[in-house]
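Chain and residue survey
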Amino acid sequence: MPTTVTTRRPTAAALGRQERKVLHAVGCGLRDDEIAAALAVPENVVAGHLARILVKLGLRDRAAAVVHAFDCGLVVPGRGPRPQAAGPVVRSTGGPRVEISVLGPLEVRLGGRALDPGHLRQQAVLAALALCTGRTVSQQELLDGVWGMEPPVTNVVPVYIYRLRKTLRPGGGGPESVIEHDRCGYRLSAGGVEVDVARMEALVADASAADRADETAEAVRLCSQALGLFRGELLAGLPGPFAELERLRLTERRIAVVQRKSEWQLRLGRHCEAIAELSACSAAHPLNESVAAMLMRALYRGGRQADALTVFDRARRRLADDLGVRPGRMLRRTCQMILRGDEAGLRGITP
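For clarity, every value in this text was computed on a predicted model and none was experimentally measured.

Tallying secondary structure elements over the protein chain gives 15 helices and six strands in all. When the 351 residues of the protein chain are sorted by exposure, 46% land in the buried category. Partitioning the intrachain contacts of the protein chain with sequence separation of at least 6 by distance along the chain shows that 66% fall at a separation of at least 24. When the accessible surface of the protein chain is split by element, carbon and sulfur atoms take 53% of a total near 16,800 Å².

This next bit is on the sheet that holds strand β6 (residues 193-195). If you walk across this open sheet you meet the four strands as β3-β2-β1-β6, and the pairing is mixed. Every interior strand has two partners, whereas the edge strands, β3 (113-115) and β6, have only one. Neighbouring strand axes in the sheet, compared pairwise and without regard to direction, differ in orientation by 30° on average. Two elements, strand β1 (residues 98-101) and strand β2 (residues 107-110), share four bridges in a ladder whose sense is antiparallel. Counterpart to V98 in the pairing with β2 is L110. Against the sheet, helix α8 (residues 196-212) makes contact with β1 and β6, and its axis sits at roughly 60° relative to β6, the strand it touches most.

This part covers the pattern of salt bridges. For the structure on display, the rule yields 19 salt bridges. Between E194 and R97 there is a salt bridge, with its nearest N and O atoms 3.1 Å apart. Placement of E194 in strand β6 and of R97 in the loop between α4 (62-71) and β1 is noted, with a sequence separation of 97 residues between them. Taking relative accessible area as the criterion, R97 reaches 31% and is therefore assigned partly exposed.

Core analysis: the largest hydrophobic core is formed by 81 residues, its most contacted members being I100 and I179. It is helix α12 (residues 289-301) that provides the largest number of residues to this core, a total of nine residues.

Quick look at the pairing of strand β5 (residues 185-188) now. Direction of pairing for strand β4 (residues 179-182) relative to β5: antiparallel, over a ladder of four bridges. Counted as the bridge partner of H181 is Y186 from β5. The turn joining β4 and β5, which pair antiparallel and follow one another in sequence, is formed by two residues.

The next thing to look at is the environment of A292. Along the chain, A292 turns up in helix α12. A residue is classified by how much of its surface remains accessible, and A292, at 2% relative accessible area, is buried. A292 sits 23 residues away from A315 along the chain, and the two C-alpha atoms are 7.1 Å apart. With sequence-adjacent residues up to four places away left out, A292 is seen in contact with V311, A315 and L331.

Moving on: the environment of H271. Of note, H271 is situated in helix α11 (residues 271-284). Taking the C-alpha atoms as reference points, H271 and R301, 30 residues apart in sequence, are found 7.1 Å from one another. Setting aside residues up to four positions removed in sequence, H271 forms contacts with L266, A298, R301 and G302.

Let us now look at a nonpolar patch on the surface. Residues L287, L323 and V325 make up a contiguous nonpolar surface patch of about 220 Å² in total accessible area. Inspection of the secondary structure assignment puts V325 in the loop between α13 (305-323) and α14 (329-340). Classification of V325 as partly exposed rests on a relative accessible area of 31%.

Further remarks concern the packing of aromatic side chains. Counted under the stated rule, the structure contains one aromatic pair. We note R254 situated over the ring of F230; from NZ or CZ to the ring centre the distance is 5.8 Å.

Here the protein chain averages 84 in pLDDT, and 85% of its residues register 70 or above. At the level of individual helices and strands, the protein chain shows its lowest average pLDDT in helix α15 (residues 343-347), which scores 69, and its highest in helix α9 (residues 216-228), which scores 96. Predicted confidence for residues 77-93 stays below pLDDT 50, and this span has 48 contacts to residues more than four positions away or in other chains.

With that settled, consider the packing of α12 against α13. Look at α12 against α13: their axes get within 7 Å of each other, and the N-to-C directions meet at 165°. Looking at the two axes, α12 sits roughly antiparallel to α13. The hand of the α12/α13 crossing is left-handed. Listed contacts from α13 to E289, A292, L295, M296, L299 and Y300 of α12 are Q305, D307, A308, V311, F312, A315 and L319. Broken down by class, the residue content of the contact of α12 with α13 amounts to 10 nonpolar, one polar and two charged.

Basis of the calculations
Residues numbered from 1 in each chain as written. Predicted model: local features only at pLDDT ≥ 70, side-chain atom pairs only at ≥ 80, totals over all residues. Heavy atoms only, no water. Helix = DSSP H or I, 4+ residues; strand = E, 2+ residues; numbered from the N terminus. Buried < 20%, exposed > 50% of the residue type's maximum accessible area, 1.4 Å probe, protein only. Contact = heavy atoms within 4.5 Å. Areas by Shrake-Rupley, 256 points an atom, 1.4 Å probe, with all protein chains shown as cover. Pairing = 2+ DSSP bridges. Axes fitted to C-alpha atoms, helices over the stretch in contact; angles between N-to-C directions. Salt bridge = Lys/Arg side-chain N within 4 Å of Asp/Glu carboxyl O. Core = buried A, V, L, I, M, F, W, Y, C linked by side-chain atoms within 4.5 Å. Patch = residues over 30% accessible without salt bridge, like charges linked within 9 Å, V, L, I, M, F, W, Y side chains within 5 Å. Phe/Tyr/Trp six-rings, centres within 6.5 Å; stacked < 30°, edge-to-face > 60°. Lys NZ or Arg CZ within 6 Å of the ring centre and 35° of its normal. pLDDT = per-residue confidence, 0-100. Parallel < 35°, antiparallel > 145°, perpendicular 65-115°, else oblique. Left-handed = near helix turned anticlockwise from the far one by under 90°. Nonpolar A, V, L, I, M, F, W, Y, C, P; charged D, E, K, R; others polar.

As structure tokens, then:
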């Protein structure tokens, strides 16, 4: 039997030093103007770097670059929208850990008991701290991230922090709090808090390790656990540009995990399972071409060539109607391979 050679997407190693810095900043959720300020270069230079990054890595848009920055390890999972800053080692509280869930409506629990994090703006402050676990977040970052261009008349951040510190005391009213404060701002104690995003990323990392050990079924199981942590609309109802950015980043991350899981399901011959999950993902994200291409591959390998071509036609019309663009190279190539019945060629197409 001939050996099939799989074409892999170029990694960040193909980028220059400045391009890697830009990709890291994009993955951290920074805007072009913020990246320009951080790197001390004009904003148009940043835009040029990003355009070259997308071409070199075969990525379609900025959202795909965010996901790639996490996948290739340039951005550390669970560290929030800005680059990680060095800080002191945080001690463990030694008591029950506060559990914060952001992969859906914000939920806070302590020892299995639900806590009330307050009104939406206060919840948004807590979500920002939770997604930046391990580093200090300044008052200005919280004001910018939660209120954006409409800051409050007075600086209410310390008031919200005071209320949250009282709510999140592990001892149920004792002196300790999982929110720490220094001259630079606020941070959550890594020893006293569990955030579901960090748990999700740990499961995905374990799944990748299982795949490298040729334990594909275990990789699928771990991915299922990771996806099970998503509970509906991400950060549902929380205001501010920080929450909006994190919704985009975490949505793209979920899509990437679905695709990874589906790839392993196809390898195991679980076509129906992969088709069901990819169909739901494609319905939720009809403009995502990599999901559409993967669904086409799954349908074709499940003996449903006509349905696979229907997916292409639907994606083509939606891209034209909503964005005024043609399907990208990957989607067109997938369609061509299906029409030719080129099974080996389909295996070589990776999202």
